[in-house]
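Chain and residue survey
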Amino acid sequence: MTAVIDQVTSALLEVRDLEVEFDTYGGTVRAVRGVSFEVHAGKTLAIVGESGCGKSVTVQSIMGLIPSPPGRIVGGTAKLRGKEIVDGVTADGEIVRGSRIGMIFQDPMTSLNPTMTIGDQIAETLQVHRGFSHSQALRLAVELLEMTRINEPSRRARQYPFEFSGGMLQRSMIAMAIACRPSILIADEPTTALDVTIQSQILDLLRDLQQENNMAIVLITHDLGVVARMADEVAVMYAGEFLETGTADDIFYNSAHPYTVGLRAAMPTNRDESEQDLMPIDGSPPDLFAPPPGCAYFARCPHAMEACRNDPPPGFAVGSGHMTRCWLHHADCSRRIEDLHYAAAAPLEGRDA
Amino acid sequence: MILYTIKRLIQGVITVWFIATATFFAMHGVPGDPLMTDKAMSEEVRKNLDAHYGFDQPKWKQYGIYIGHMVQGDFGISFAQENRRVNDILWEHFPVSAFLGILAITFAGLGGILFGALTARYRNRMPDIVIMFLVILGISVPSFVFAALGQLALVKLNAFFGTSILPVAGWGTLSHMIAPSLVLGLGTMAFLTRLMRSSMLEIVSSDYVRTARSKGLPTTRIFLRHELRNAILPVVTVLGPSIAAITTGGFVVELVFAIPGLGRYFVQAVQQLDYTVIMGTTVFYGAFLVFMVIVVDLLYGLIDPRVRLE
Amino acid sequence: MNAALSFRPIVAERDVEVISRPSLSYWRDAWIRLKANRRALVSLYIVIALGLFTVVGPWLPFVPNHSAQDLDQISSPPGADRTATIVEPYVPWSGVTVNAPGGQAPLEAPASVSLAGEATTQAVRIFWDPVRGAHGYRIYRNIAHPAPDDALGMPLADVLVPSRVSFEDRLDIKPQEYFYSVVPLDRNGREAPVYATLDVSAIRVITAEEAVKRGLAGSTADLAIGDQVELKLHVLGTDYLGRDMLARLMHGARVSLFIGIVAPFLFILVGILYGSAAGFVGGRVDQVLMRFADFVVALPFLLFMILFRILFKIEGGDSGIAPMLIAMVILSWPAAARLVRGQILQIREEGYISASRLLGAKTPYLVLRHMIPNTMGVILVTITFAVPSAIFTEAFLSFIGMGVAPPTPSWGSMCNEGIKTMLTYPHELIFPALFISITVLAFNLLGDGLRDALDARMRSQE
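Residues numbered from 1 in each chain as written. Chains lettered and ligands numbered in written order. Predicted model: local features only at pLDDT ≥ 70, side-chain atom pairs only at ≥ 80, totals over all residues. Heavy atoms only, no water.

Contacts between the two partners involve 30 residues from chain A and, on the opposite side, 22 residues from chain B. Summed over both partners, the interface of chain A with chain B buries about 2,200 Å², with 54% contributed by carbon and sulfur atoms. Counting the surface chain A buries against chain B, the share from its top three residues, T115, E124 and F162 of chain A, is 26%. Our count for the chain A to chain B interface comes out at two salt bridges. The tally of links between chain A and chain B comes to 15 residue pairs in polar contact (both at pLDDT 80 or more). Put simply, the parts of the chain that give the side of chain A that touches chain B at least two residues each are helix 1 (55-63), strand 7 (101-104), helix 2 (118-130) and helix 5 (166-177) of chain A. (Contact = heavy atoms within 4.5 Å. Buried area = accessible area lost by both parts, 1.4 Å probe. Salt bridge = Lys/Arg side-chain N within 4 Å of Asp/Glu carboxyl O. Polar contact = N/O pair within 3.5 Å; in protein donor to acceptor, adjacent residues only side chain to side chain. Helix = DSSP H or I, 4+ residues; strand = E, 2+ residues; numbered from the N terminus.)

One pass over the full model with this rule turns up zero disulfides over all chains. Here C295 of chain A is not disulfide-linked; the sulfur of C308 of chain A is the nearest cysteine sulfur, at 5.8 Å. (Disulfide = S-S within 2.5 Å.)

This part covers the pattern of salt bridges. All names here are of chain C. In this structure the tally under the stated criterion is 29 salt bridges over all chains. For E191, the salt bridge goes to R138, with nearest N and O atoms at 2.7 Å. Of this pair, E191 sits in the loop between strand 7 (177-185) and strand 8 (196-201) while R138 sits in strand 4 (residues 136-142), placing them 53 residues apart in sequence. You can call E191 partly exposed: its relative accessible area is 35%. (Buried < 20%, exposed > 50% of the residue type's maximum accessible area, 1.4 Å probe, protein only.)

This part covers the nonpolar core. In terms of nonpolar packing, the biggest core is built from 156 residues, with Y66 and F257 of chain B together with I306 and W411 of chain C touching the most fellow members. Tallying contributions element by element places helix 4 (residues 245-281) of chain C first for this core, with 14 residues. Apart from residues lying up to four places away in sequence, I306 of chain C is in contact with F251, F266 and V270 of chain B together with L397, I400 and M402 of chain C. (Core = buried A, V, L, I, M, F, W, Y, C linked by side-chain atoms within 4.5 Å.)

Sheet faces and side chains relate simply in a regular strand, where the side chains alternate between the two faces. Residues and elements named next belong to chain A. With eleven of its 14 residues buried, strand 2 (residues 27-40) lies for the most part within the structure. By the bridge criterion, eleven bridges tie strand 1 (residues 11-24) to strand 2 in an arrangement that is antiparallel. Across the sheet, residue E21 finds its bridge partner in strand 2, namely R30. (Pairing = 2+ DSSP bridges.)

With that settled, the discussion passes to the interface of chain B and chain C. Counting residues at the interface gives 48 residues for chain B, matched by 36 residues for chain C. Approximately 3,600 Å² of surface area, both sides summed, lies buried where chain B meets chain C, with 79% of it carried by carbon and sulfur atoms. Contact with chain C buries surface across chain B, with F18, S140 and F144 of chain B losing the most and accounting together for 17% of the total. Among the ionic pairs, R194 of chain B bridges to D448 of chain C, the shortest N-O distance being 2.9 Å. Joining chain B to chain C, the criterion identifies one residue pair in polar contact (both at pLDDT 80 or more). Elements with a minimum of two residues in the side of chain B that touches chain C: helix 1 (2-29), helix 6 (126-140), helix 7 (143-161), helix 8 (174-204), helix 11 (239-256), helix 12 (262-271) and helix 13 (275-303) of chain B. Each residue belonging to the side of chain B that touches chain C can be placed in one class, and the counts come to 32 nonpolar, twelve polar and four charged. (Nonpolar A, V, L, I, M, F, W, Y, C, P; charged D, E, K, R; others polar.)

Attention shifts here to the environment of D195 of chain A. Mapped onto the elements, D195 of chain A comes out in the loop between strand 8 (184-188) and helix 6 (196-213). Along the backbone, D195 of chain A and L288 of chain A are 93 residues apart, and their C-alpha atoms lie at a distance of 32 Å.

All names here are of chain C. Taken in spatial order, the three strands line up as 2-3-6 in an open sheet, and their pairing is antiparallel. Here the strands that pair on one side only, and so sit at the sheet edges, are strand 2 (113-116) and strand 6 (166-169). The mean angle between the axes of side-by-side strands here comes to 25°, regardless of whether they run parallel or antiparallel. Here strand 2 pairs with strand 3 (residues 124-128) via four bridges, running antiparallel. Bridge pairing links V113 to W128 in strand 3. (Axes fitted to C-alpha atoms, helices over the stretch in contact; angles between N-to-C directions.)

Moving on, we get to the sheet that holds strand 9 (residues 216-221) of chain A. Residues and elements named next belong to chain A. Reading across from one edge, 7-8-9-3-10-11-13-12 is the order of the eight strands in this open sheet, with mixed pairing throughout. Each edge of the open sheet is held by one strand with a lone partner, namely strand 7 and strand 12 (316-319). The average undirected angle you get between the axes of adjacent strands in this sheet is 20°. Relative to the sheet, helix 9 (residues 258-265) contacts strand 10 (233-238) and strand 11 (241-247), its axis offset from that of strand 10 by approximately 100°.

A word on the pairing of strand 3 (residues 44-48) of chain A. Residue and element names in this part refer to chain A. Taken across its five residues, strand 3 has five buried, putting it largely inside the fold. Neither face of strand 3 is open: one carries T44, A46 and V48, the other L45 and I47, and all of them are buried. Note: strand 3 against strand 10, four bridges, orientation parallel. The partner of I47 across the bridge, within strand 10, is A235.

All names here are of chain A. Between its first and last C-alpha atoms helix 3 (residues 134-147) spans 20 Å; for 14 residues at 1.5 Å apiece the expected length is 20 Å, and the two agree. Taken as a whole, helix 3 has its buried residues at A137, A141, V142, L144 and L145. Down the axis of helix 3, the buried side of the element spans an arc of 160°, and every buried residue falls inside it. For helix 3, exposure combined with an orientation more than 90 degrees from the buried face picks out R139 and E146. Contacts from the buried residues of helix 3 go to helix 2, helix 4 (153-157) and helix 5. (Expected span 1.5 Å × (residues − 1). Arc of directions from axis to C-beta.)

Structural measurements only, silent on function.
In structure tokens, the structure reads:
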């Protein structure tokens with residue numbers, strides 16, 4: 001296997017060959033199957049994929065947030081500035097979750113404790129990690145709320161989650177996550193539950209906070225629009241694997257995997273000339289109880305070849321820092337990436353339009 | 001909150017009025033009105049009753065007199081015991097029952113919360129399996145069987161140690177209260193344990209507990225400030241009905257353990273067909289339960305900001 | 001890497017979506033899920049077994065009539081020895097008389113107490129050595145040894161003739177161990193602080209005539225004195241009146257299960273009618289109806305059950321079952337009404353109702369095809385949970401003597417009778433208590449299982 005990204009430099013967070021399984025009544029689900037990535041200061045890594053592909057499990061397992069049992073990490077390492085972390089704690093006992101890695105979640109309505117004031121919930125983190133007194137921490141919590149652009153922060157800090165709107169709750173979540181000035185913020189579908197105008201505000205806020213603090217963001221989303229707007233680097237995840245990784249430009253303008261191409265074709269654009277219909281990807285992701293022996297995307301891929309059935313494709317470097325797992329890039333394969341882009345634009349032969 | 005309290009109190013008063021009316025018409029409404037025709041009473045009692053209740057007057061007037069007395073907190077005169085006022089009976093026996101009930105509900109509530117949290121924490125492991133087995137037993141065994149078995153156990157225990165560790169029956173000292181209140185609280189505790197467990201399990205896997213963990217909080221802090229407090233809320237909401245269950249369970253426990261409470265007195269009054277005592281006690285207990293439910297609801301408001309601030 | 005990789009495209013052969021499972025109806029699916037739940041399934045079997053126990057049980061050959069008394073076996077626990085020895089009919093005993101030795105106090109205990117003849121359930125005859133200066137004797141009987149705290153038991157009689165030093169006990173003797181204590185009395189009839197005790201094991205005897213009369217033998221000619229006969233079998237023993245426990249439990253089950261199952265059905269039926277009326281009409285009527293239901297809910301349930309029971313004035317011969325049913329229905333319907341109304345209001349707003357209406361469905365069709373099937377699950381679960389509480393209510397009321405009237409057996413009234421002899425004959429309490437507990441347990445677990453099977457949203461977390 002080739003290296004995912006050819007940088008051995010100043011990665012903040014470095015994850016190698018992560019594997020996560022869940023024991024369920026139906027058997028063992030291999031939710032994450034050997035995922036590697038790096039996160040750099042001040043940059044945004046977007047992990048994009050369909051629901052159920054293992055995006056959230058990937059980051060939650062690093063943070064030690066997957067319920068265990070049934071979940072367990074069966075392989076791989078995660079290093080924060082070179083120090084290995086397990087369940088959100090470094091080997092020398094430092095609790096990095098909440099202090100050096102902050103996290104926000106999809107649904108702000110249910111992600112906050114309904115019987116605690118917003119201020120207390122933010123202050124709590126500071127009390128635990130920074131050893132602040134309650135009043136000190138509360139004062140800082142008000143500042144944090146102000147920083148996340150909440151009006152009348154001192155009054156708001158004394159209120160309970162049910163008195164907040166969804167957008168304000170997500171701002172409070174962000175304030176909570178950045179309270180200890182973490183070097184990494186993990187945002188797990190931060191805008192999915194919000195309406196469009198609020199989405200945009202939240203993304204702006206994240207951007208600004210990132211620039212002010214030189215913070216890395218790991219953004220998990222299924223929305224390519226959000227990816228296009230936020231990401232420096234992108235990992236396309238499918239059935240527990242990264243099918244393609246690269247810079248945002250690589251992914252959007254130089255897609256090297258049929259799945260990425262499919263995702264793009266399924267994404268609405270605002271270009272006038274595109275009169276073509278949106279193209280859904282037929283079928284559904286494979287059963288992770290028994291992952292397919294070859295390429296995970298085989299069953300849905302319009303360009304599937306015999307090699308794809310039983311032989312898992314390795315990572316092919318298709319550019320600097322641009323990797324894809326697709327047999328199309330094998331030297332012996334006669335079909336080229338250009339065909340692939342063409343195929344995305346026109347329906348395949350033999351298929352009903 | 002104040003407005004809410006006033007509203008609830010007014011509702012409570014109307015409900016009590018309905019209970020009193022239902023009791024009155026239940027007693028007078030059927031053919032052969034027991035209050036008018038019971039022969040087993042002395043002439044003196046009869047005269048007292050006529051003077052007090054206006055039995056020689058038409059029904060609607062009697063109702064007026066009855067409600068009038070109720071408003072003044074006067075529950076009337078006993079049928080079976082000459083010249084004894086129902087109020088005196090209530091005053092004498094209710095505190096005993098109330099004390100027993102308070103002990104039992106405290107025991108049931110604390111035990112339920114503790115065991116419920118414990119079972120949720122050790123889900124599907126030994127403590128959970130053992131406690132849940134006992135809980136299912138506790139829910140399925142009637143209170144009088146607990147009372148009988150409890151007493152049997154005490155007899156055997158005392159016989160085993162050769163001395164009286166806890167008295168088998170009676171009332172007066174703290175040692176008299178322990179066994180009956182445990183027995184009385186057992187069923188409710190089992191019920192609350194079950195409720196607390198499922199509430200706790202729901203909350204342990206809730207989004208906000210995940211948030212709390214993502215903040216890197218210590219386990220005990222998550223347990224106390226995020227899990228326990230929210231898990232208790234549904235337990236508090238059923239405390240009202242639990243008080244009713246414990247009150248009626250008290251009848252049997254008082255009977256079996258020979259405790260001079262209102263419950264036992266009520267059962268005796270029923271057996272002696274002491275109608276006025278039955279009516280008075282019914283209305284009194286009804287009012288008591290209505291207001292306990294209100295108290296519990298207000299208490300809930302104190303714990304849950306969503307209710308408090310509305 | 002594999003050298004023989006083939007990069008030939010594949011197009012047609014992949015069927016992307018195949019529906020691999022047949023679609024199941026709601027009830028079929030629920031049944032499959034219920035069957036997968038072992039606890040619920042066992043509970044279902046228990047409920048069925050209880051039904052058989054009640055209906056078929058009384059016809060089994062070893063189950064006697066539930067009200068027949070077996071006076072030879074009173075309060076006999078299950079598995080007790082049933083042999084009886086044939087004896088002569090009772091002949092009065094003249095007793096033992098001596099010359100009372102005179103003298104002064106202090107009185108001493110009799111030097112010895114002895115048994116005359118054999119101790120049988122017919123009679124126990126004892127005599128003792130005279131005590132110097134005693135003016136009489138008091139005889140006690142206990143089922144436990146008097147030591148250590150001098151618990152002599154029940155005083156049987158005073159023998160107030162100093163010269164008479166014997167006593168014949170014929171009072172309700174059971175085939176068990178007894179301790180007879182003799183206490184000398186002084187001139188004023190006061191007990192001396194001393195006593196002597198005799199440990200006696202009575203054996204069960206029966207006369208030949210009685211044995212024939214009870215159907216234990218063909219004729220008196222078949223029986224000789226000293227022969228052993230087997231008394232009638234009582235699988236679970238007998239109660240304090242010698243009635244067969246098993247037969248009474250079966251008949252008690254009729255009462256308890258009848259009330260436990262019929263009452264919930266009735267009050268839920270009333271609740272459905274009332275609740276759906278309120279839910280459909282809506283508006284003012286709905287408000288008034290539901291406010292009234294709220295008031296009825298506030299009535300203290302058991303107190304009013306007792307109140308109704310007093311009012312119905314159960315006469316001799318009445319079982320008290322019908323009044324209890326009526327009272328239960330009067331007091332219990334509001335909870336069901338509230339539930340049904342809530343369901344109807346909720347379902348009325350569901351998308352599929354609007355969709356059905358858009359497609360031209362009329363109200364009766366909506367009710368039959370959508371409303372009823374979609375509330376059935378909730379109602380079924382409610383009934384299942386209402387059964388144990390109704391059984392509890394019956395048991396509770398019967399226990400405090402306010403339920404079914406004796407001699408009709410119900411599990412609750414059997415407990416009530418059993419608790420009086422709890423210390424000596426615990427089986428009289430334990431069996432009915434066990435049946436109540438098992439039944440309630442089975443219905444509770446079945447209810448849990450049904451809830452899980454019928455409605456994923458109500459899934460319990462167990």
